[in-house]
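Architecture and fold: a report
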Amino acid sequence: MKRCWPILLATPLLLANADPSDIPIPPAIRAMLDAAIASNNDSEIAVIVKYARAVDPASGDAVARIADSWRVKRREDQVRTIREASFVDLWTGRAQLGGWKTTGNSDNTGLSAVIDLNREGIRWRQKFKAQADYQESANVTTREHYLASYEPNYKIDDRAYIYGAAQYESDRFLGYYDRYSASVGAGYSAIKTPRVKLDLELGPAFRDTSFTDDTQQRSAAARGSLDFNWKLTNGLSISQTASAYVQRFNSTVNGLTALNAKLIGPLSAQLSYNVQFESTPPVGSVSTDTTTRASLVYSF
């Protein structure tokens, strides 16, 4: 019996230093782990590791080491893919399309289209957005809004970054034919979890606006923005984006609230409400413009 004591004492050390493949893992847990790894689902892997450790700490640690090895390999594969990709590769995004037409007692036609593109690199993140809203009532144009923006971000670390932003807008019903905006500043990911994300940005800007009363305004401004997204369930999310250009003559505040519900595959339905405020619009134009959209969204 005395000869068994050294073996018993050494067993925990041998298990701690053993290769994960040498430690037996219950077949049911191993099957679930393999399925989660095959589906590339990190959240499911984390749940399996949690309960495997609760049921059997020894095999649970082996499961955790396998999961960690998978994460390291996935990250290495991602970095290699990004380094080898060209500028036109690795873009993801969403395309939205909504429209309506009424006849009879009223004659209205409307179209709303939005495309959002994102490219995530090792150090650089790039965003592009294009939007068009058009509406006619009795063959008379009642809304015409166009927007295009591009924003490159340089990542300082996992949360902080430096941003640049260039934007073009046209909305004669809000009082301007053309508006060019440029900004550079600092950004920070205040909340960064699998379900909730919040990015904040602040920096100086410059705007050049051609108003509908034939006046032109060039002025420095301060720009601030927030981008919030909350994944309520696997198929339902809510988002809020807002930006403000504050300047001496005419300041602008824009906010968009959207509810997105997954339908099937890459398709989802979105209901959104947009508000744009101009502090000093030309005579004949109102300060606030709102748009409610119901759109079909395709993610790619």
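Conventions used here
Chains are numbered independently. Their residues run from 1 in the order of the written sequence. In view of the model being predicted, local features appear only for residues whose pLDDT reaches at least 70, and side-chain atom pairs are presented and counted only at 80 or more, with totals across whole chains, interfaces and linings using the full set of residues. Hydrogens and water are ignored here; the side-chain numbers use all heavy atoms of the structure. For helices the rule is a DSSP run of H or I covering at least 4 residues; for strands it is a run of E covering at least 2, with both sets numbered from the N terminus onward. Only C-alpha atoms enter the radius of gyration; for comparison, a globular chain is expected to reach 2.2 Å times N to the power 0.38, where N is the number of residues. Here's how the labels work: a residue is buried when its accessible area is under 20% of the maximum for its type, exposed when over 50%, partly exposed in between, all with a 1.4 Å probe on protein chains only. By definition in these notes, contact holds between two residues if any of their heavy atoms fall within 4.5 Å. Residue-level accessible areas treat just the shown protein chains as cover; the underlying method is Shrake-Rupley with a 1.4 Å probe. A positive count includes Lys and Arg, and a negative count includes Asp and Glu. His and the chain ends are not counted in either. For charged residues, the charge sits on one atom: NZ in Lys, CZ in Arg, CG in Asp, CD in Glu. Each patch is assembled from residues with relative accessible area greater than 30% and no salt bridge, linking like charges that lie within 9 Å and nonpolar side chains (Val, Leu, Ile, Met, Phe, Trp, Tyr) that lie within 5 Å. Put simply, a salt bridge is a Lys or Arg side-chain nitrogen that is within 4 Å of an Asp or Glu carboxyl oxygen. To estimate how far a helix should extend, the number of its residues minus one is multiplied by 1.5 Å. Every axis in this analysis is a line fitted to C-alpha atoms, fitted for helices over the stretch in contact. Angles between the N-to-C directions lie between 0 and 180 degrees. In what follows, roughly perpendicular refers to angles from 65 to 115 degrees, roughly parallel to angles under 35, roughly antiparallel to angles over 145, and oblique to any angle outside these ranges. Here the nonpolar group is Ala, Val, Leu, Ile, Met, Phe, Trp, Tyr, Cys and Pro; Asp, Glu, Lys and Arg are the charged ones; every other residue, Gly included, is treated as polar. For the purposes of this section, nonpolar cores are sets of buried Ala, Val, Leu, Ile, Met, Phe, Trp, Tyr and Cys residues that join through side-chain atoms within 4.5 Å. pLDDT: the predictor's confidence for each residue, scored from 0 to 100. What makes a crossing left-handed is the near helix being turned counterclockwise from the far one by less than a right angle; a clockwise turn instead makes it right-handed.

Within the protein one finds 4 helices and 12 strands. Relative to its length of 300 residues, the protein is extended, with a C-alpha radius of gyration of 27 Å against a globular reference of 19 Å. The proportion of buried residues among the 300 residues of the protein is 32%. Put simply, 48% of the contacts in the protein that link residues at least 6 apart link residues at least 24 apart. For the protein, the exposed area adds up to about 17,900 Å²; of that, 62% sits on carbon and sulfur atoms. For the protein, the distance from the average position of its 34 positive side-chain charges to the average position of its 32 negative side-chain charges is 7 Å.

Judged by side-chain polarity, Trp124, Tyr154, Ile156, Ile162 and Val184 come together as a nonpolar surface patch covering roughly 470 Å² of accessible area. Residue placement: valine 184 occurs in strand S6 (residues 176–192).

The subject of this paragraph is helix H3 (residues 42–55). For H3, with 14 residues, the first-to-last C-alpha span of 20 Å sits near the 20 Å given by 1.5 Å per residue. Buried positions along H3 lie against helix H2 (27–38) and helix H4 (57–84).

Relative to each other, H2 and H4 sit at 10 degrees, their axes nearing to 12 Å. The angle between the axes of H2 and H4 places the two elements in the roughly parallel class. On H4, the residues that touch Ile29, Arg30, Leu33 and Ile37 of H2 are Val63, Ile66 and Trp70. Looking at the contact of H2 with H4, its residues break down into 6 nonpolar, no polar and 1 charged.

Our focus in this paragraph is the nonpolar core. The nonpolar side chains of a soluble globular protein tend to be buried with one another. Counting residues in each nonpolar core, the largest one holds 14 residues, and the members touching the most others are Ile25, Ile29, Leu33, Ile45, Ile48, Val49 and Val63. Those elements giving two or more residues to this core turn out to be H2, H3 and H4. Sort the elements by how many residues they give to this core and H4 lands first, with 6 residues. Setting aside its immediate chain neighbours within four residues, isoleucine 29 contacts Ile48, Ala52 and Val63.

On to the side chain of glutamine 270. Looking at the secondary structure, you find glutamine 270 in strand S11 (residues 267–278). Glutamine 270 sits in the buried class, given a relative accessible area of 7%. Contacts of glutamine 270, omitting those with residues within four sequence positions, involve Arg94, Gln96, Ala258, Leu259, Asn260, Arg293, Ala294, Ser295 and Val297.

Okay, the confidence of the model for the protein next. When pLDDT drops low, the exact placement of atoms in the prediction is not to be read closely. Averaged over every residue, the pLDDT of the protein is 86; the share at 70 or more is 91%. The weakest mean pLDDT in the protein belongs to helix H1 (residues 4–17) at 46; the strongest belongs to strand S9 (residues 236–246) at 97. Every residue in residues 4–16 scores below 50 in pLDDT, and together they form 3 contacts with partners more than four places removed in sequence or on other chains.

Turning our eyes to something else, we now look at the packing of H2 against H3. In the contact formed by H2 and H3, the axes pass within 9 Å of each other and the chain directions differ by 160 degrees. The angle between H2 and H3 places the two elements in the roughly antiparallel class. The handedness of the crossing between H2 and H3 is left-handed. Every residue of H3 that contacts H2 at Ile29, Met32, Leu33, Ala36 and Ile37 is listed here: Glu44, Ile45, Ile48 and Ala52.

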